[in-house]
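Take a look at the letters that make up each chain.
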Amino acid sequence: MGREFLPLFNEWANSYDDTISGSDKEYRTVFERYDEILEEVANQAEGNVLEFGVGTGNLSKKIIEKGQELIGIEPSVAMRKIVNEKYPSIQVLDGDFLEFPTISETINSIVSTYAFHHLTDLEKEDAIRKYASLLPSHGKIIFADTVFETEKAKQDMIEDAMKKEYHRLANDLKSEYYTTIEVLRQIFNRNHFDVTFEKMNDFVWLFIATKHDQVRGK
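Residues numbered from 1 in each chain as written. Predicted model: local features only at pLDDT ≥ 70, side-chain atom pairs only at ≥ 80, totals over all residues. Heavy atoms only, no water.

## Quick word on the environment of Lys-124
Looking at the element boundaries, Lys-124 is found in helix α6 (residues 121-134). Counting along the chain gives 60 residues from Lys-124 to Leu-184, while the straight-line C-alpha distance between them is 8.4 Å. Filtering out sequence-adjacent residues up to four positions away, Lys-124 remains in contact with Phe-116, His-117, Leu-119, Tyr-177, Thr-179, Leu-184 and Ile-187. (Helix = DSSP H or I, 4+ residues; strand = E, 2+ residues; numbered from the N terminus. Contact = heavy atoms within 4.5 Å.)

## So, the side chain of Asn-58
Assignment of secondary structure puts Asn-58 in helix α4 (residues 58-65). The exposure class of Asn-58 is buried, given its relative accessible area of 15%. One polar contact links Asn-58 to Thr-56, side chain to side chain, over a distance of 3.2 Å. (Buried < 20%, exposed > 50% of the residue type's maximum accessible area, 1.4 Å probe, protein only. Polar contact = N/O pair within 3.5 Å; in protein donor to acceptor, adjacent residues only side chain to side chain.)

## Considering the packing of helix α3 (residues 34-44) against α4
One way to put it is that α3 packs onto α4 with a least axis distance of 9 Å and a crossing angle of 45°. If you check the angle between α3 and α4, you find them oblique. Considering the relative orientation of α3 and α4, their crossing is right-handed. Contacts between α3 and α4 involve Tyr-34, Asp-35, Leu-38, Glu-39, Val-41 and Ala-42 from the former and Asn-58, Leu-59, Lys-62 and Ile-63 from the latter. By residue class, the composition of the contact of α3 with α4 is 6 nonpolar, 1 polar and 3 charged. (Axes fitted to C-alpha atoms, helices over the stretch in contact; angles between N-to-C directions. Parallel < 35°, antiparallel > 145°, perpendicular 65-115°, else oblique. Left-handed = near helix turned anticlockwise from the far one by under 90°. Nonpolar A, V, L, I, M, F, W, Y, C, P; charged D, E, K, R; others polar.)

## Considering the pairing of strand β2 (residues 70-73)
Burial along β2 is two-sided: the residues Leu-70 and Gly-72 and Ile-71 and Ile-73 are all buried. Note: strand β1 (residues 49-52) against β2, 4 bridges, orientation parallel. When the bridges of β2 are listed, Val-49 appears paired with Leu-70. Regarding the hand of the β-α-β motif, the stretch spanning β1, α4 and β2 is right-handed. Pairing between β2 and strand β3 (residues 91-93): 3 bridges, direction parallel. Following the sheet pairing, Ile-73 is matched in β3 by Leu-93. Since β2 and β3 lie parallel, the crossover through helix α5 (residues 77-86) that links them has a hand, and here it is right-handed. (Pairing = 2+ DSSP bridges. Right-handed = clockwise from strand over helix to strand, strands pointing away.)

Rendered as structure tokens:
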């Protein structure tokens, strides 16, 4: 459920903000338009917001600045420590996409950036099913993550990374659970969401899923 990557998160915590700034050439394209991507996710969020994979708090900050109520979920102790130091007012709980504390507040929007790929496709569906039960009708899931149009597009990107000798990026693309738009579309549709996809850079897509009435179409 993504926790197998915790050692990586803890190791990456202190250098994560440098990576997203473009200092690491292998990941420069992955994080292209990073601030715009976070801004768009924050702009789409409404009401009380639940964020998964808070990381170092960059998206959290934007949501708080827009006056939204935010609860953050982050499995990495090192990441939570950084968020607490940077933004003491943000509530960040220990948890992940599938296992997290019971939320008593009504949640209107669920957000995440650069994290959903840590789940297998089966786990992604389990997560979306949970969120469908958590959100009211017209509640939204707003995620930005690396997704591919087809499996061939993913393999082409791996081959391109290898040709450029971007070995860490190539290994990342091979070892993590990056999926396709069609797989995600089916997952959302099966769980009573209408979903749209917008390409933000060569790797990252913004997907916005809105929960509809479960009796629709009957």
